[in-house]
Amino acid sequence: MGDDDYDHFYKVVLVGDATVGKTHLLSRYVKSKLPKAPTATVGVEFATRIVKLSNGSKVKAQIWDTAGQERYRAITSTHYRRAVGALLCYDVTKETTFKNCAKWMEELRQSAEPDIVIMLVGNKVDLADKDPSSRQVYYDAAQEFATQNGLLFFETSAVTDINVKEGFETLLQEIYDQG
Ligand code: GDP
Ligand code: MG
């Protein structure tokens, strides 16, 4: 598929606390590999991928990463402007990152498109699979939060490649279905 051969253009933003794995998820999805360390200050604004939905429709997804600004609660309005989808990410082994999802959701609701489709993403599930005692956020608790707030929900691992493609593409399909 050529880079300008698509039917729909969707801007999607990654949000969530620092170190939950946003940059790794994006790299895994768009480049099929992990970013070279260190990632905290690497300022790639966005990456794109053209995806064919199940009905054959071609979507160009422009996925915006944060460049470490999440540490200072200083994400600019440019990040959110005209975003129709968001991956709201936390780390299943770090409870605080899940608690902060409520704040990130508020920010999305205020600054992005009003009907933005949001997917809650519990990343680093590989760690919880390997050592169940490391898990701080239970699947059912996150699912309940997602249901209450009308969010899609997936648990993922950027490192062992669990549900990354499925997560991004379920979000894109939902944006298409609601559009
Ligand atoms: P960001 O600040 O949200 O962009 O997070 P990064 O993508 O920079 O990842 C922060 C750290 O978490 C890095 O050391 C990654 O190697 C690690 N990491 C990211 N995703 C995963 C994952 O799915 N599993 C594990 N075990 N580590 C991860
Ligand atoms: Mg990052």
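Before reading on, note that the structure itself is shown above.
What you see is a predicted model, and the numbers here were worked out from it, not measured in a lab.

A. Summary view of empty space enclosed by the protein. Counted according to the given criterion, the structure contains one cavity of 30 Å³ or more. Considered as a void within the structure, the largest cavity measures approximately 40 Å³ in volume. Leu-25, Leu-87, Val-121, Thr-156, Asn-163, Val-164, Gly-167 and Phe-168 together form the lining of the largest cavity. If one sorts the elements of the lining of the largest cavity by residue count, helix 7 (residues 164–178) sits on top with three residues.

B. Molecular detail of the sheet that holds strand 2 (residues 46–52). Pairing in this open sheet of six strands is mixed, and the strands run 2-3-1-4-5-6 from one edge to the other. Every other strand in the sheet has two partners, leaving strand 2 and strand 6 (152–155) as the edge strands with one partner each. Each adjacent strand pair in this sheet contributes to an overall mean axis angle of 25°, direction not counted. Where helix 1 (residues 22–31) meets the sheet, it contacts strand 1 (8–16), strand 2, strand 3 (58–64), strand 4 (85–91) and strand 5 (117–123), and its direction lies at approximately 40° from that of strand 2.

C. Local environment of the packing of aromatic side chains. Counted by the stated rule, this structure contains five aromatic pairs. Between Phe-46 and Trp-64, the ring centres sit 5.0 Å apart and the planes meet at 35°, which makes this aromatic pair tilted. Taken as a pair, Phe-46 in strand 2 and Trp-64 in strand 3 lie far apart in primary sequence, 18 residues in all. Among the residues examined, Phe-46 registers a relative accessible area of 33% and is labelled partly exposed. With centroids separated by 4.9 Å and ring planes inclined at 50°, the aromatic side chains of Tyr-139 and Phe-153 adopt a geometry described as tilted. In this pair, Tyr-139 is assigned in helix 6 (residues 139–149) and Phe-153 in strand 6, connecting sequence segments 14 residues apart.

Thresholds, definitions, all that
- Residues numbered from 1 in each chain as written.
- Chains lettered and ligands numbered in written order.
- Predicted model: local features only at pLDDT ≥ 70, side-chain atom pairs only at ≥ 80, totals over all residues.
- Heavy atoms only, no water.
- 1 Å grid on protein atoms, 1.4 Å probe; cavity = no way out; pocket = protein on both sides within 12 Å on 5 of 7 lines; lining within 4 Å.
- Points joined across faces, edges and corners; volume = space filled by probe spheres on them.
- Helix = DSSP H or I, 4+ residues; strand = E, 2+ residues; numbered from the N terminus.
- Pairing = 2+ DSSP bridges.
- Axes fitted to C-alpha atoms, helices over the stretch in contact; angles between N-to-C directions.
- Contact = heavy atoms within 4.5 Å.
- Phe/Tyr/Trp six-rings, centres within 6.5 Å; stacked < 30°, edge-to-face > 60°.
- Buried < 20%, exposed > 50% of the residue type's maximum accessible area, 1.4 Å probe, protein only.

These figures capture arrangement, not role.
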